[in-house]
Amino acid sequence: MAEQSDLIDVEIDGVWHSFPKGTRMIEACRQAGVEVPHYCYHPKLSSPGNCRMCLVQMGMPPRPRPGEDPPEPDEDGHVPISWMPRPVIACANTIAPNMGIRTTGELTETCREGVMELMLANHPLDCPICDQAGECSLQEFSVEHGKGESRFREQKVKKPKNVDVGPRIRLDDERCIMCSRCIRFMDEVADDPVLGFTDRGSHTTLAVYPGREMDSNYSLNTVDICPVGALTSNDFRFQMRVWFMKETQTIDTNCATGTNITVYSRQGQIYRITPRQNNEVNSDWMPDSHRLSFHWINDLESRLTDPLIKEDGKHKLADYSQAIAYASQRLQKYDAGEVAIVASARMTNEELYMVNKLKSQLDVRDIDVVARRGEADNYLISDDRNPNTAGVNTVLGVKDPGASLDLLKKDIASGKVKALLVLQEDLISDAGFTAEDLKQLDFLLTSYPTTNPTADAADVVLPGACWAEKSGTMINATGRLQRLNRAVDGPGQTLEPWEIIRDLIQELGGGNGIYSATDIFKQLAAEVSEFNGLTWGDIGDQGTQLIETGAELPPLLQRERARVASGEIIG
Amino acid sequence: MDWYFLTASTIKIIMFAFMMILPLVAMSVWAERRVSAAIQDRVGPNRVGPFGLLQAVADGIKFLLKEDFTPNHVRKGYYWLAPALTMVPSLLTCAVIPFGSNVLGEKMVIADLDVGPLFIFAIASLTVYGIVLAGWASNSKYPFLGGVRSTSQMISYEICLGLSIVPLIMIFGELNLGRIVQYQAENGWAILPLWGEGLTLKGLLLAIPVFISFIIFTTSMFAETNRLPFDLPECETELVAGYHTEYSSMKFALFFLGEYAAMIIGSGLAVTLFLGGWSLPFGWLTPEEGEKVGIFTGLIHIGVFFAKVIGFILFFIWIRWSLPRFRYDQLMRLGWVFFFEIALANVILTALILWLVK
Amino acid sequence: MAIVVKRPKLRWWEQLYLPGIAKGLVVTGRHFINTLTGRKKVTMQYPEEKWDANLPEHYRGAPALVTDEQQRERCVACQLCEFICPPRAITIKPEEIPSDDKWAKVEKRPGSFDIDMIRCIYCGMCEEVCPEQAIFLRKDYAITGTSRDEMVHDKKKLYEIGGVREGLVNKWNDLK
């Protein structure tokens, strides 16, 4: 069965499986459907093997004495296994032909009980105040593999608590179980080796290098990989218990990388964002700057909640249907070419598709989006800070985003363009327009999640949902099509942008049978050649490669692949 | 018309019907609730006024303030007429009941008719129309059944009621209720002939048919007033609330009060016929026929009458909370098979005694 | 098979029913007299009379927060009661204890702690689940108010009802 290739036969808990050569024992067990408890092991980091939680019993083919015949293989080519009397760690050892692994049994279970008891000996019992409670490996494994009671009667070791190790992170050394994941992450991934152990022995303490602090833009990833509550995020600290929160799998929209994330929300409030594993996009990590940029969504003070119509220079509250009817009545008066649209590269493909429909409905000639450029950081952040520039190219057909905005400014000044629709953008803050420029317009409509200067100048203001409040698809810098899922509801009368455009088209006389973002995706897949044959379900939670953009993977991912290739990490 | 007669009658009507009977109705509702509570080891209404005495006022206000709802499906004219038809006859009958001897020479009876009991029966049988109309006009099955039950029950027991007092009338030789009471005052109460002529052999012998009459009369009175154990027209377990299921607010209150008024008048009649009306036992403070008595004695007589009536009402209540409700066939059987025959035989027995014993 | 119910054969005076009725009247009359004279008393006149002194130790009244003997609020805002509460009556907003506080080492406390007494069903799950023994069901049962807001017990009110509980868990005391 295993002769022909690099596959090796291994017996796990009495069942034979085949794995590629070089597979770690822990990965082999995981692929066989057996979870081996572990703390220090992380597939994206080197394996020091220092937590000892993954001890399993191992066996090899019996070695014949000199002169003795080797045992006869059975019909599958397997020989009986002779079990070793002592356990081995599953995380740092690779499999060998005809190996046997026992993840249950007296030896393994006694080892786990012992390791758990030693780890808990000095661990404080402050789960009620610990943010990790509910997603803590120590809690989970002590339930599954622990003894249930402690024999430790002495005083627990005192260590520093509530230590400020960085601008975004707090450290509680008493909770630390010395797995060293954070040390390895800062060293191997973030290239900022500021963490280390001091006072080795029973007083081992995790500490920051004197005079330094943990201020890497990727430091919060250590909070995610910390198996206990030793490292906690200042931002999320004591905000909400993890078991209350709804998890929504979506993508980050702060740059073109399209980092896969999970949004944690409760009762319409977003509490935190964590990266989600996607080895084609962001591995297991995300930058702190993107992770913490969600607070404005919860801030109702700055949000637009109701449509506004400007009468005599003042904005008045209106109903959605009123605002749409008013906008359409104004728009119908203009001739072809007098209306221009500024869409956004923060819009989903579905929304851009609807913008296209609106464009032909109104006979618009000038259409563009606002470009956002920044510095790439040599890790995950792309220099394109718009999440869907590739979508703008593909769906909207604007090949050079932002190029015609200056021309538009001139056309407005000359009176050639009389009406402007600004969808999900703020021209004054982000595109160098001034209020004076926009004053020349006869009619200005904007949709945007928050209050902004462009909206102040607009005749009709519509509250359009932000990225966490809408569903759709986006194409990242490398051409990967990924899904955006709605995590929370928008405040007040907020609608998803595609709903706004659909209603506007309908009011202008163009009927359509669109009730959801998936309806649009169906039309999109039928009409845009790149999308041919795709369905919403095909995209999946990990996305699918749609087009070739020629862009390289983020540097962090390239380095990780090199380390996988060299066998340093599992990947 | 005689101005003196008119004025005196008006005063008597106001004093008796409105100042005595109606408050007594309210008080007997309160008594019903307090007594039933005591019998069942409860407390009863005790929050409004001392001992809950003003509960009736609170109830009245509640009845007045409730929505007077008329369902869509009823026959409105009859529906509105029915409660009045129940209340009015009950109050009319009190016209002939003597509630005292005399005060300042004026007889303490509103209408000194020579056919008192007959008048009472004639008017009282009108009550049935109220109930029948209520059951019919409600246009709903439970009230209808209640109305039908009530009609046959009342007709059946009216016969017994009438027959049961024939022996008394034979003994007294009189239909004027005032003179019947005067006779009892002098010669012993009908069921307690312990002084005057009553204390002869004939008087004692006559006490036997009178006692039988008393039992039949009292039982029939329960049936006539729709009181437990004969409240089959509004039997809750079978008919929701019987004929007044569709009534609310003050209309319901009129049915409710009519029942209690009928109970009081029934008690008054029983007291007058069997228990010597306003008279004290053993001929105490008994005036001669037509003799004027002092104001004080007159008031004592009125007090005695109402004391007896209240005692009788308490007996009504006591019975209600002691006995279970009859089945309808049992009720009819009791009326037609037993009471009717016994009452007839009782008439003959009385006649025999009157004829044989000198 | 039909069951034949044997009916007792009645004597002639029994068939008159009058003795039976009289017997019944005596029974009800006796109850009447006993209640009237106060020899038998069943009903308690609430609210003039109350049973408070006789409430059992395990009586489940209004839930309340308690402090320990050193005036430290026991609650550390772990939100387990909020999680377990079947009618979702409890709302907690945790906050960090400022570093200049005497009990800064406890790190966490409830910033606001609201129990909606309109929702509370007095089940006692919060008391049972509390790892810090900070919430207890007291004997207060007459919780009234004239508005919905008044029926929401905030942190201040909860400590007012709860008072101090001594002993119990002492994991945060000075020795530790």
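What you see is a predicted model; the values in this text were computed from it and never measured.

Thresholds applied
Residues numbered from 1 in each chain as written. Chains lettered and ligands numbered in written order. Predicted model: local features only at pLDDT ≥ 70, side-chain atom pairs only at ≥ 80, totals over all residues. Heavy atoms only, no water. Helix = DSSP H or I, 4+ residues; strand = E, 2+ residues; numbered from the N terminus. Buried < 20%, exposed > 50% of the residue type's maximum accessible area, 1.4 Å probe, protein only. Contact = heavy atoms within 4.5 Å. Areas by Shrake-Rupley, 256 points an atom, 1.4 Å probe, with all protein chains shown as cover. Lys, Arg positive; Asp, Glu negative; His and termini not counted. Charge placed at Lys NZ, Arg CZ, Asp CG, Glu CD. Buried area = accessible area lost by both parts, 1.4 Å probe. Salt bridge = Lys/Arg side-chain N within 4 Å of Asp/Glu carboxyl O. Polar contact = N/O pair within 3.5 Å; in protein donor to acceptor, adjacent residues only side chain to side chain. Nonpolar A, V, L, I, M, F, W, Y, C, P; charged D, E, K, R; others polar. Patch = residues over 30% accessible without salt bridge, like charges linked within 9 Å, V, L, I, M, F, W, Y side chains within 5 Å. Pairing = 2+ DSSP bridges. Domains from an automatic or database assignment. Expected span 1.5 Å × (residues − 1). Arc of directions from axis to C-beta. Axes fitted to C-alpha atoms, helices over the stretch in contact; angles between N-to-C directions. Parallel < 35°, antiparallel > 145°, perpendicular 65-115°, else oblique. Left-handed = near helix turned anticlockwise from the far one by under 90°. Phe/Tyr/Trp six-rings, centres within 6.5 Å; stacked < 30°, edge-to-face > 60°.

Student: Quick question: what am I supposed to make of the overall build of chain A here?
Tutor: A count of helical and extended segments in chain A gives 18 helices and 24 strands. Across the 571 residues that make up chain A, the buried fraction comes to 55%. In chain A, the proportion of contacts linking residues at least 24 apart, taken out of those at least 6 apart, comes to 68%. For chain A, the computed accessible surface area is about 24,400 Å², with 47% contributed by carbon and sulfur atoms. Put simply, chain A has 59 plus and 85 minus side-chain charges, and the middle of one group is 3 Å from the middle of the other.

Student: Before we go on, may I ask you to explain the interface of chain C and chain A in this structure?
Tutor: Frequently, the measure chosen for interface size is the accessible area removed from exposure when the parts meet. Opposite the 18 residues of chain C that make contact, chain A presents 17 residues. Between chain C and chain A, the buried area comes to about 1,400 Å², and carbon and sulfur atoms account for 56% of it. Of all residues in chain C, E96(C), E107(C) and K108(C) bury the most surface against chain A, accounting for 38% of the area lost on that side. Our enumeration of links across chain C and chain A arrives at 4 salt bridges. Notably, a salt bridge pairs R266(A) with E82(C), separated by 2.8 Å at the nearest N-O pair. Taken together, the links from chain C to chain A amount to 6 residue pairs in polar contact (both at pLDDT 80 or more). Put simply, the parts of the chain that give the side of chain C that touches chain A at least two residues each are α3 (80-84) and β2 (90-96) of chain C. Looking at side-chain class alone, the side of chain C that touches chain A contains 9 nonpolar, 1 polar and 8 charged residues.

Student: What is the right way to look at a negative patch on the surface in this model?
Tutor: Residues E186(B), E288(B), E289(B) and E291(B) make up a contiguous surface patch of negative charge. Tracing the backbone shows E186(B) in helix α7 (residues 177-187).

Student: Looking at this structure, I do not really get the sheet that holds strand β22 (residues 472-475) of chain A. What am I missing?
Tutor: Within a sheet, neighbouring strands are paired by backbone hydrogen bonds and run either parallel or antiparallel to one another. Residue and element names in this part refer to chain A. Taken in spatial order, the 3 strands of this open sheet run β22-β23-β24, and their pairing is antiparallel. A single partner strand is all that each edge strand has here, and the edge strands are β22 and β24 (544-545). Alignment of β22 against strand β23 (residues 480-484), held across 4 bridges, turns out to be antiparallel. Looking across to β23, one finds that M474 is bridged to Q482.

Student: Can you help me understand the pattern of salt bridges in this one?
Tutor: Side chains that differ in sign of charge can pair as their charged atoms come close. Residue and element names in this part refer to chain A. If you walk through the whole model with that rule in mind, you get 48 salt bridges over all chains. K161 is the salt-bridge partner of D172, the closest N and O atoms lying 3.1 Å from each other. Note that D172 is positioned in the loop between β8 (169-171) and α4 (181-189) and K161 in the loop between α3 (137-145) and β7 (163-164), a separation of 11 residues in sequence. Taking relative accessible area as the criterion, D172 reaches 4% and is therefore assigned buried. K161 gets classed as partly exposed once you look at its relative accessible area, which sits at 30%. Here R372 makes a salt bridge to D430, at a shortest N to O gap of 2.8 Å. On the criterion of sequence distance, the pair formed by R372 in the loop between β18 (366-370) and α10 (389-396) and D430 in helix α12 (residues 427-430) is long-range, its members being 58 residues apart. According to the relative accessible area criterion, R372 is buried, its value standing at 11%. Through salt bridges with shared partners, one network takes in D126, K161, D172, E174 and R175.

Student: Just to check I follow, could you spell out a nonpolar patch on the surface for this structure?
Tutor: Residues and elements named next belong to chain B. The grouping of M27, F51, L53, L54, V57, I61, L64, L65 and M250 at the surface amounts to a nonpolar patch, some 860 Å² of accessible area in total. Top element by residues in the nonpolar patch is helix α2 (residues 55-65). It accounts for 4 residues. On the basis of relative accessible area, L53 is assigned to the partly exposed category, the value being 31%.

Student: For this particular structure, what's the right way to read the domain arrangement of chain A?
Tutor: Examined at the domain level, chain A breaks down into domain 1 (7-104), domain 2 (119-298) and domain 3 (303-555). Using only C-alpha atoms to locate each centre, domain 1 of chain A and domain 3 of chain A end up separated by 55 Å.

Student: I keep staring at the pairing of strand β19 (residues 419-423) of chain A and nothing clicks. Help me out?
Tutor: Each regular strand shows side chains that alternate between the opposite faces of the sheet. All names here are of chain A. When you tally the buried positions in β19, you get 5 out of 5 residues, the bulk of the element. What you see with β19 is no split at all: A419, L421 and L423 on one side and L420 and V422 on the other are buried throughout. Inspection of the sheet shows strand β17 (residues 339-344) paired to β19 by 4 bridges, in the parallel sense. Within β19, the residue paired with V342 across the bridge is V422. In terms of strand pairing, β19 meets strand β20 (residues 443-448) through 5 bridges, oriented parallel. Residue pairing for β20: L421 is matched across the bridge by L445.

Student: When you look at the interface of chain B and chain C in this model, what are you seeing that I'm missing?
Tutor: Taken together, the contacts link 15 residues of chain B with 17 residues of chain C. Each partner contributes to the roughly 1,300 Å² buried at the junction of chain B and chain C, and carbon and sulfur atoms together form 63% of this total. A per-residue breakdown of the area chain B buries against chain C is headed by D41(B), R47(B) and W318(B), which together make up 40% of the total. On the surface where chain B and chain C come into contact, there are 2 salt bridges. The interface formed by chain B and chain C includes 11 residue pairs in polar contact (both at pLDDT 80 or more). When residues of the side of chain B that touches chain C are traced back to their parent elements, those giving at least two are α1 (3-39) and α11 (295-320) of chain B.

Student: Please explain the sheet that holds β8(A) as it appears in this structure.
Tutor: All names here are of chain A. The antiparallel open sheet is built from 3 strands, whose spatial order is β7-β8-β11. Where the open sheet ends on each side, the last strands, each with one partner, are β7 and β11 (231-233). Bridge count between β8 and β11: 3 bridges; the pairing is antiparallel. In the strand pairing of β11, L171 is matched with L231.

Student: I keep staring at the environment of M151(C) and nothing clicks. Help me out?
Tutor: Residue and element names in this part refer to chain C. Position of M151 among the secondary structure elements: in the loop between β4 (135-137) and β5 (152-153). For M151, a relative accessible area of 11% corresponds to the buried category. For the pair M151 and W51, spaced 100 residues apart in the sequence, the C-alpha separation amounts to 24 Å. Setting aside chain neighbours within four positions, we find M151 in contact with I115, D116, M117, I118, I143, T144 and G145.

Student: I would appreciate a short explanation of the side chain of D41(B) in the present structure.
Tutor: Summarising the element assignment, D41(B) is placed in the loop between α1 and α2. Given the relative accessible area of 14%, D41(B) is considered buried. Within the local environment of D41(B), its side chain forms a polar contact with the side chain of K40(C), the two groups lying 3.0 Å apart. Among all residues touching D41(B), those that are not within four sequence positions of it are H31(C), T35(C), K40(C), V42(C) and T43(C).

Student: Whenever I open this one, helix α8 (residues 320-331) of chain A confuses me. Can you help?
Tutor: For the α-helix, the turn length of 3.6 residues means that residues three or four positions removed from each other point alike. Residues and elements named next belong to chain A. Helix length check: α8 (12 residues) gives 16 Å between terminal C-alpha atoms against 16 Å at 1.5 Å per residue, within 8%. Along α8, the residues that are buried comprise Y320, A323, I324, A327, S328, R330 and L331. Projection of α8 onto a plane perpendicular to its axis shows the buried side chains occupying an angular sector of 160°, all on one side.

Student: Would you mind going over the environment of F214(B) with me for this structure?
Tutor: All names here are of chain B. Relative to the helices and strands, F214 resides in helix α8 (residues 201-224). Using a relative accessible area of 15% as the deciding quantity, one classes F214 as buried. For the pair F214 and L161, spaced 53 residues apart in the sequence, the C-alpha separation amounts to 9.9 Å. Excluding anything up to four places from it in sequence, F214 contacts I191, F274 and F312.

Student: So what exactly am I meant to see when it comes to the packing of helix α3 (residues 76-92) of chain B against helix α5 (residues 127-137) of chain B here?
Tutor: Relative orientation and spacing of two packed helices are given, respectively, by the angle between their axes and the distance between those axes. Residues and elements named next belong to chain B. The N-to-C vectors of α3 and α5 enclose an angle of 160°; their axes lie 7 Å apart at closest approach. Here α3 lies roughly antiparallel to α5, going by the angle between them. In this structure, α3 meets α5 at a crossing whose hand is left-handed. In contact with Y78, Y79, L81, A82, L85, T86 and P89 of α3, α5 contributes T127, Y129, G130, I131, L133, A134 and A137.

Student: Looking at this structure, how should I read the side chain of T219(B)?
Tutor: Residues and elements named next belong to chain B. Relative to the helices and strands, T219 resides in helix α8. At 2.6 Å, the side chain of T219 and the backbone oxygen of I215 are in polar contact. Discounting chain neighbours no more than four positions away, the residues touching T219 are F230 and F339.

Student: What am I meant to see in the packing of aromatic side chains here?
Tutor: Between two aromatic rings, the relevant description is the distance of the centres plus the angle of the planes. Residue and element names in this part refer to chain C. Within the structure shown, the criterion is met by 28 aromatic pairs over all chains. Look at W12 and W13: their rings are 6.2 Å apart centre to centre, the planes differ by 90°, and that puts the pair in the edge-to-face class. Assessed through its relative accessible area of 39%, W13 is described here as partly exposed. Between the aromatic rings of Y46 and Y141, the centroid separation amounts to 6.5 Å while the plane-to-plane angle is 45°, which identifies the pairing as tilted. Residue Y46 is found in the loop between α2 (18-36) and β1 (63-65), and its partner Y141 is found in the loop between β4 and β5; the two are separated by 95 residues along the sequence. A residue is classified by how much of its surface remains accessible, and Y46, at 43% relative accessible area, is partly exposed.

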